[in-house]
Protein chains: 2
Amino acid sequence: MPRPTIADVARTAGVSKSAVSFALNNRPGVGSETRDRILQAARELGWTPNSKARALSVSKALAVGLVVARSPETLRSDPFFPSFIAGLETLLSDRGYSLLLHVVPDSAREEQVYRRLAAEGRADGVFVTDLRVEDPRPALLAELGMPAVIVGPALPEPFWPAVGVDDAPGIAAAVQHLVDLGHSRIAHVSGPLNMVHGRSRADAWATALAEAGFRDRRCVETDFSAESGVRATRELLKSQEPPTAIVYANDLMAMAGMSWAGAHGIRIPDDLSITGFEDTEIAAHLQPALTTVSTDVVSWGAAAATRLLALVDGAEPATLELPEAHLVVRDSTGPAPGASTTKAPARGRRRT
Amino acid sequence: MPRPTIADVARTAGVSKSAVSFALNNRPGVGSETRDRILQAARELGWTPNSKARALSVSKALAVGLVVARSPETLRSDPFFPSFIAGLETLLSDRGYSLLLHVVPDSAREEQVYRRLAAEGRADGVFVTDLRVEDPRPALLAELGMPAVIVGPALPEPFWPAVGVDDAPGIAAAVQHLVDLGHSRIAHVSGPLNMVHGRSRADAWATALAEAGFRDRRCVETDFSAESGVRATRELLKSQEPPTAIVYANDLMAMAGMSWAGAHGIRIPDDLSITGFEDTEIAAHLQPALTTVSTDVVSWGAAAATRLLALVDGAEPATLELPEAHLVVRDSTGPAPGASTTKAPARGRRRT
DNA sequence: TTGTACGCGTTATCAT
DNA sequence: ATGATAACGCGTACAA
């Protein structure tokens, strides 16, 4: 038995197709008695809209796309996407939208996928993540006429609508926390500086140090991987006057760095303080538990979905309030070696 | 300028719509010269099939669904999905299929989503993950007439087509490795035993121990989270005659357990050997580096996609060969305390 | 409220 | 065999 169509509903209710359509979409043009009869018939027959027909008719795909250009290995260790997608979900499903997810290995394929989504009319809009500093995608999507929401820290030029938790306050709080603990040589292990979220964290670190009046600003750039985190840590700690604190751009590298340091007789936090970024599940269960920056990725996803759906509707994108990144102080940070300071750690931060 | 349709192509080529359709689908019924003319016209106009129209007309969604029922927190720390999805991707995109991803918080919503995908005709088939021991989903999907591929370890009753890397050989190798190192009290920290992949690993561990002739089989069940891993570790190590080795059902718990042990003066691997499961990126960079079981999740995804597309086509599902789970020996396993054995660690395993 | 054209690719029918 | 005509899938929108 094939799925009932509105024609079936119309027949059983004894009205026309169009009356059914109006009734089902709660639009004026049908009397309330007939409307009831129609809804009744629809319920009896178990009618559900056929999304294929609907999509063709309204010229919308009723789906939005998320294209992720990363190698499986890089993706594996990044806890961002699952949470982010969970955040998208409620908004999308309430609106009858689906998420098309494409995982591609490189940015050449990425472009192909965007072009295909546009050409085949499969998506009404897309999310853009992992924005690079001079990224061709905004222009490409503009050319394709595809509504897009950039997911990430706010861009310097708010030409394109970017939705993201602002990393800066979290990093600033981490640096301030370390300063309060008496540290003065606070290095940074950054992500790729050609990616907006790598750059944004590095900038926040540099700014915070500058404001604290420190000149020693050593930053080692990595690709966010555990291995590069280890390399950076080794490089920093083997230098002359090694830092007494390292601010890492993600938890993975912080963890890897912490392990390396531990294996080389460097005690944490006695000899070296460490902060991460992300607050992954394991962070609280490490030894010592990792002080890190936490962002609410789920509500971030919800905000991104809200914005994209507004764009798709052609509505005014409302300003979105996102919870800021905040510092979670645990045990991997402590007083600077030799510092007598026992000033209380940063004000009002939670300890989880 | 709206996208060109086959009507436009037909006009410029001076033929009928149907001729165009035949030509574009490489089907007989058009002369080779006309065919060339048509293809030429299509190319010039930059014609691309409109997936909405195509979907309606062939009564296929040209999309398959993946519904994941997990809390964002659980999902965050699981590296499985991103890699798995990357594995699906190539197969799907080559066939012009998209992946619809839905992340829902609980299994009630999960059922709703499946029903909606079916009722609205949004998906031609679905992947089912995290199968529970008495899972209602196979029956539900059968009722809905929705082709489905179960993703996970092979089921005892191969009634439903399950595609998955077999966990057992990996766990068996881990146990054997520990036995070779002289351990006799080898405990297991398992995942939920009502989930097929939790159960399957626990069974493999029990079987391997039984084959080795050991009676001491302590297993603590967890929910795969870091916190429950710590709890289980504490419980095991505080018992009388604590185990000298623990086989964890995932890396996250192994890591958490390792941290807890380290913080309580238990040296790894001198006092306690530990193995994980998954080979997450950080595993190799821990201190000591984690001995774990690695599975090729990407090719697993490819296999699942192959099977589902075959089902959607109504084709015979071919038997799929998947690489087995294998042990990666690192530094978190060593000779049992007091054991003189210096037998070489398991044969032919790679050391990464 | 109803009839009907429309969106767009596919396919069955029919004429050449 | 080749190719044109028309109907189909299903919900929406506009004229009547």
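Being a predicted model, the structure only gives us computed values, none of them experimental. (Residues numbered from 1 in each chain as written. Chains lettered and ligands numbered in written order. Predicted model: local features only at pLDDT ≥ 70, side-chain atom pairs only at ≥ 80, totals over all residues.)

**Student:** For the sheet that holds strand 6 (residues 186-190) of chain B, give the residues involved together with the corresponding values.
**Tutor:** Residue and element names in this part refer to chain B. The sheet built from four strands is open, its strands ordered 7-6-8-9 with parallel pairing. For this open sheet the edge positions go to strand 7 (219-221) and strand 9 (273-275), each flanked by a neighbour on one side alone. When the angles between neighbouring strand axes are averaged without regard to direction, this sheet yields 15°. Pairing between strand 8 (residues 245-248) and strand 9: three bridges, direction parallel. Considered in strand 9, the bridge of Val247 is made with Thr275. Of the strands in this sheet, strand 6, strand 7 and strand 8 touch helix 11 (residues 226-237), which is tilted by about 155° from strand 6. (Pairing = 2+ DSSP bridges. Helix = DSSP H or I, 4+ residues; strand = E, 2+ residues; numbered from the N terminus. Axes fitted to C-alpha atoms, helices over the stretch in contact; angles between N-to-C directions. Contact = placed C-beta atoms within 7 Å.)

**Student:** Which residues make up the protein's contact with DNA strand D, and what are the values?
**Tutor:** Not every one of the 28 residues close to DNA strand D is listed here, only the nearest: A:Thr5, A:Ser18, A:Ala53, B:Ser16 and B:Ser18. Among the elements of the structure, helix 2 (17-24) and helix 4 (51-58) of chain A together with helix 2 (17-24) and helix 4 (51-58) of chain B are those that each provide at least two residues to the surface near DNA strand D. When the residues that make up the surface near DNA strand D are grouped by side-chain class, the tally is 12 nonpolar, 12 polar and four charged. (Near = placed C-beta within 6 Å. Nonpolar A, V, L, I, M, F, W, Y, C, P; charged D, E, K, R; others polar.)

**Student:** Can you explain the environment of B:Val247? Please cite residues and give values.
**Tutor:** Residues and elements named next belong to chain B. Counting through the fold element by element, Val247 comes out in strand 8. Taking C-alpha positions, Val247 is 12 Å from Ser184, a pair spaced 63 residues apart along the chain. Residues within four places of Val247 in sequence aside, it is in contact with Ile171, Ala174, Val175, Ile186, His188, Trp205 and Thr275.

**Student:** If you had to explain the relation of the copies chain B and chain A to someone new, which residues and values would you point to?
**Tutor:** With an RMSD of 0.2 Å, the operation that places chain B on chain A is a rotation of 180° combined with a shift of 0.0 Å along the axis. Here the symmetry operator amounts to a two-fold rotation axis. Considering only C-alpha atoms, the residue of chain B closest to the rotation axis is B:Leu100, which sits at 2.4 Å. Taken together, the interface assignments show that 100% of the residues at the interface of chain B recur at the interface of chain A, consistent with an identical surface on both copies. (Least-squares fit on C-alpha atoms with pLDDT ≥ 70 in both.)

**Student:** Account for the domain arrangement of chain A, naming residues and giving values.
**Tutor:** One can read the domain layout of chain A as domain 1 (1-48) and domain 2 (168-296 + 326-351). When each unit is reduced to the centre of its C-alpha atoms, the spacing between domain 1 of chain A and domain 2 of chain A is 62 Å. (Domains from an automatic or database assignment.)

**Student:** Before we move on, could you go through the interface of chain B and chain A and cite the residues and values that matter?
**Tutor:** Between chain B and chain A, the residue contacts involve 50 residues of the former and 50 residues of the latter. Counting only elements with at least two residues in the side of chain B that touches chain A, the list comes to helix 4, helix 5 (72-76), helix 6 (80-94), strand 2 (98-104), helix 11 and helix 12 (251-263) of chain B. Residue classes in the side of chain B that touches chain A are distributed as 28 nonpolar, 14 polar and eight charged.

**Student:** Would you mind going over the protein's contact with DNA strand C in detail, with residue names and values included?
**Tutor:** Taken together, 28 residues sit near DNA strand C, with A:Ser18, A:Gly29, A:Gly31, B:Ser18 and B:Ala53 positioned nearest. Put simply, the parts of the chain that give the surface near DNA strand C at least two residues each are helix 2 and helix 4 of chain A together with helix 2 and helix 4 of chain B. The residue inventory of the surface near DNA strand C, partitioned by class, reads 12 nonpolar, 12 polar and four charged.

**Student:** An account of the pairing of strand 3 (residues 125-128) of chain A is needed here, citing residue identities and associated values.
**Tutor:** All names here are of chain A. Burial along strand 3 is two-sided: the face carrying Gly125 and Phe127 and the face carrying Val126 and Val128 are both buried. With four bridges joining them, strand 1 (residues 63-69) and strand 3 adopt parallel strand pairing. Note that in strand 3 the partner of Gly65 across the bridge is Val126. Across three bridges, the pairing between strand 3 and strand 4 (residues 148-151) is parallel. What sits directly across from Val126, in strand 4, is Ala148. In this region the chain leaves strand 3, passes through helix 8 (residues 137-144) and returns to the parallel neighbour strand 4; the handedness of that crossover is right-handed. (Buried ≥ 20, exposed ≤ 12 C-beta atoms within 10 Å, placed from the backbone. Right-handed = clockwise from strand over helix to strand, strands pointing away.)

**Student:** So what's going on with the sheet that holds strand 7 (residues 219-221) of chain A? Which residues, and what values?
**Tutor:** Residues and elements named next belong to chain A. Pairing in this open sheet of four strands is parallel, and the strands run 7-6-8-9 from one edge to the other. The open sheet has two edge strands with one neighbour each: strand 7 and strand 9 (273-275). Across this sheet, the average inter-strand angle for adjacent strands is 15°, counted without regard to direction. Along the sheet, helix 9 (residues 168-180) contacts strand 6 (186-190), strand 8 (245-248) and strand 9; its crossing angle with strand 8, the most-contacted strand, is approximately 170°.

**Student:** So what's going on with the nonpolar core? Residues and values would help.
**Tutor:** If you look at the biggest cluster of nonpolar residues, it comprises 200 residues, and the most contacted ones within it are A:Val126, A:Val175, B:Val126 and B:Val175. The contacts of A:Val175, once residues within four sequence positions are left out, are A:Ile186, A:Trp205, A:Ala208, A:Leu209, A:Ala212 and A:Val247. (Core = buried A, V, L, I, M, F, W, Y, C linked by C-beta atoms within 7 Å.)

**Student:** Summarise unusual backbone geometry; cite the residues concerned and give the values.
**Tutor:** All names here are of chain A. Here the amide bond leading from Gln287 into Pro288 is cis, since omega sits at -5°, within 30 degrees of zero. Within the secondary structure, Pro288 sits in the loop between strand 9 and strand 10 (292-294). In this structure, Leu62 is a non-glycine residue whose phi angle is positive, near 60°. By secondary structure assignment, the location of Leu62 is in the loop between helix 4 and strand 1. Since 21 C-beta atoms lie within 10 Å of it, Leu62 is described here as buried. The phi torsion at Asp279 lies on the positive side, around 55°, for a residue other than glycine. Tracing the chain through its elements places Asp279 in the loop between strand 9 and strand 10. Accessibility expressed as a C-beta count within 10 Å gives 26 for Asp279, which makes it buried.

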